[in-house]
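In case you want the letters, here they are:
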Amino acid sequence: MTSNAEAAEIFRSIADLLDLLGEKFKPEAYRRASRSIESLTEDLGAVAARGELRSIPGVGEAIAEKIEEYLRTGAVGYYDRLKREIPPGVVELMRLPGLGPKTARRFWVELGVEGPTELKDAIAAGRLVGVKGFGAKKIDQIRSALDTTAPGAGGGRRPLEEVYPIARELVRALRAPNRADRVEVAGSFRRARESVGDLDILVTTQDPARAFDTFTAHPLVGEVKMRGDTKETVLLKGGLQVDLRVVRPDEFGAALQYFTGSKDHNVRLRSLARERGLKVNEYGVYRGEEKVAGATEEDVYASLGLAWIPPELREDRGEIEAAARGTVPTLVTEPDLRGDLHVHLAPEAGPDAVDRLVAGAQKRGLAYLAVVVAEVAPDGSLSRLPERTLERLRKYASGAVTVLPAVEVGLGPLPSGLEVGPADVRIVRPTAASPTLPDPVPPSLRTDLIAHVGTTVASDAGALARWVDTAQRSGAAVEVGPGVERLDSTAARKAREAGIPLHLPTGLGGAPDDPTGAVAVGFARRAGASATDVVNARERARVRAPASGSSRGPKR
DNA sequence: GCCGTTTTCGGCCCGACTGTTTTCAGTCG
C-alpha cells in the first residue's frame, strides 16, 4: 500500500542523506518535492495515472521516475542504496540542535562515530579535545544536546490548537503598556498550519533590551537559549521554542512577510523580484540601494506588482500567480460566521448553561445555534438533554439568537424502534457499520452536517474520498477544525473543491478560551474557503442545502 | 535535482548568531 505521506517521507529522508554526503542543492530539491507531495489534495497514483507527476511543483524528470518506481514497487532503489551507505545514527546526530550535516559527517568520517551513543562515549573519553573546530564550549553544547534530546524531550511540532493559547498569552504580555508597540506572531502559526514547530514573534519597540527582559521574565519561559541585539530565543517550560525579534517600524512589513513564510512562497517571491530588478529581504524591497517598500506587507507585495496575499495561502500553490492576476479570493473571517450548527452541551449541563451559551453567542454576533438535544451513541443507545434544559432551550426558539434543536445519529438506519424526535438540524457521523451513505440516499437520511469523522481522514486518502462522496450525495456540510474528528485544511480543500459546504465550529459550549473557533477559521482559510463556502456563514434561512437531484432528501 | 517572457546551462535567499576563527564556517530560520 502506497501513500502520499510515505512518499513524502522517503524524499525527505533522501534529502537528509544527501546532506550528509555534502551535496549542495539536491537536498533542497528533494525537500521541495517532499513538501509538495505532502500538501497534495490528490493521491499520487491518480496524478501518475494522468501522466501529470511533473506538474507537481519541484518534481522533475528524476523525481517523477522515483515516484513511479515507488508506486509500482513500494520502494525507491536510490533511497535504499543511500541508506546502506550511511549509518542511521549519523542522521540522528545531524538532527541534534546545534549540529548539522557538516558536523555529523565529520564525526562519522574522522572519528568513526556512527550515532548519539557513540558520540557520548567519544566525548566522555575525551576524543573531541584538540579536534580542530571543537573548543570547550562547543563540546559542552553538544553534550547537553545529547542529554536533553535523548527520549523525544521537548522539540517536535505541536498541534496549532495547543499552541494557540500560549501565543495569545505571550502577545498579551508583550503588548502591555510600555513594553512593545507592535506585536505579531509570524511563522507557521500565522499561516495556521496544523502543526507549529516554534513561535516567531515580531515586535517594534524603542527599547529592545526591555522587551527581552519582559519576555524572559514571563512565567511560561523556561530558559534563554540565545540573546543578541535584535533576537532572543527561549525555550518555554513546556519545551516550545519561541523567537522574539525586534524590528524597526519602517521594516515591520518586510519582516512580517519574511518571517511568515512559507519558505517556498518567499523563494518564489524573491525570484519574481529578481526578474523585476528588485531585491527582497527581511528589511525591505530594494531597487539597487533605494528602498521601495518595507513598512507594511501591502507595500511589499504591491512593489512586486502583487495584491496582498493572506498568510494562510502563502505556500507557493498558485497564490502568487493569483495575486499577479488580482484574483486572490476573499477568505472567510470569524466575523463572517452567523451561527453554529453543532453545539454539544454536557449531559449534566443545566438551564444556566443554556443562558451562558446564548449570551456567548450574542457577544460573538451569532444569530442561530443548533444544540444537540438527542444523540444516538455508537452502541445504539439514545441520550437526551434533561427536560429542564430542553425547556430553557425552547425559550430561545426566537430572539436575537435563535436556538434550534439538533439530533445527532450514526450514518445508516436508526436502530429499530428508536425515535429521536423532531429536529431542525440533523447531524450524522460515520460508524464502523456504516462508513458511508447508501446510494441513492433515502429521504429518511436527509443530513445537514457530517461530523465526528473520528479517524485521521487526512492520512487515509480512501476514507476521505468516501466521506467527500457521502457528503456530496447527501447534500451535507462537513466539519473543519482541530482534532481528529474534524477535517484538516488539506482535507477541507479537497471537500471545498468538490463543492461541499464547510461547517466551522465556534467553540461555544467549551471553555471560555477555547481556540477551536479561531483554529477552524484558520484551517478553512488555508483551504481557500470564502464565506460563501461556509454553511454557517449563511443567514439562518439559507442554511439548509437546497434540494436538487434525485439523491437528495426533501427539504422536510 | 529543478527550473526558465532575459537562460536547456547556470543559477539556486540571505542575514543573525555562535564559536572558534585571526577573517570564517556552520547552523538556523
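Placed above this text is the structure.
All figures in this text were calculated on a predicted structure; none of them were measured in a lab.

*Asks:* A description of the nonpolar core should follow, citing residues and the corresponding values.
*Replies:* Core analysis: the largest hydrophobic core is formed by 76 residues, its most contacted members being Leu199, Ile201 and Leu504. Setting aside its immediate chain neighbours within four residues, leucine 199 contacts Val163, Ile166, Ala167, Leu170, Val185, Phe189, Leu240, Gln241, Val242 and Asp243. Ala33, Ala48, Ile63 and Leu99 belong to the second-largest nonpolar core, a separate cluster that totals 48 residues.

*Asks:* Break down the packing of aromatic side chains for me, with residues and values.
*Replies:* The tally for this structure, following the rule as stated, stands at 5 aromatic pairs. Here phenylalanine 11 and tyrosine 30 contribute two aromatic rings whose centre-to-centre distance is 6.1 Å and whose plane-to-plane angle is 25 degrees, an arrangement assigned as stacked. Here phenylalanine 11, found in helix H1 (residues 4–20), pairs with tyrosine 30, found in helix H2 (residues 26–38); they are 19 residues apart in sequence, far enough to count as distant. Look at tyrosine 164 and phenylalanine 189: their rings are 5.3 Å apart centre to centre, the planes differ by 35 degrees, and that puts the pair in the tilted class. Of this pair, tyrosine 164 sits in helix H10 (residues 160–175) while phenylalanine 189 sits in helix H11 (residues 187–190), and the two are 25 residues apart along the sequence. On the basis of relative accessibility, which here comes to 14%, the residue phenylalanine 189 falls in the buried class. One aromatic cluster is present, formed by Phe11, Tyr30 and Tyr78 through successive ring pairs. Against the face of phenylalanine 25 rests lysine 24, its NZ or CZ located 5.8 Å from the ring centre. Directly above the ring of tyrosine 78 sits lysine 66, whose terminal nitrogen or CZ lies 4.7 Å from the centroid.

*Asks:* I'd like to hear about unusual backbone geometry, residue by residue, with values.
*Replies:* In this structure, the amide linkage connecting glycine 261 to the following residue, serine 262, adopts the cis form with an omega of -5 degrees. Take serine 262: it is sitting in the loop between helix H13 (252–260) and helix H14 (263–275). Phi is positive for alanine 192, close to 60 degrees, though the residue is something other than glycine. Looking at where alanine 192 falls in the secondary structure, it is placed in the loop between H11 and strand S3 (195–196). Using a relative accessible area of 5% as the deciding quantity, one classes alanine 192 as buried. The phi torsion at aspartate 316 lies on the positive side, around 55 degrees, for a residue other than glycine. Mapping aspartate 316 onto the fold places it in the loop between helix H15 (297–303) and helix H16 (319–325). When its relative accessible area of 7% is taken as the criterion, aspartate 316 is described as buried.

Basis of the calculations
Residues numbered from 1 in each chain as written. Chains lettered and ligands numbered in written order. Predicted model: local features only at pLDDT ≥ 70, side-chain atom pairs only at ≥ 80, totals over all residues. Heavy atoms only, no water. Core = buried A, V, L, I, M, F, W, Y, C linked by side-chain atoms within 4.5 Å. Buried < 20%, exposed > 50% of the residue type's maximum accessible area, 1.4 Å probe, protein only. Contact = heavy atoms within 4.5 Å. Phe/Tyr/Trp six-rings, centres within 6.5 Å; stacked < 30°, edge-to-face > 60°. Helix = DSSP H or I, 4+ residues; strand = E, 2+ residues; numbered from the N terminus. Lys NZ or Arg CZ within 6 Å of the ring centre and 35° of its normal.

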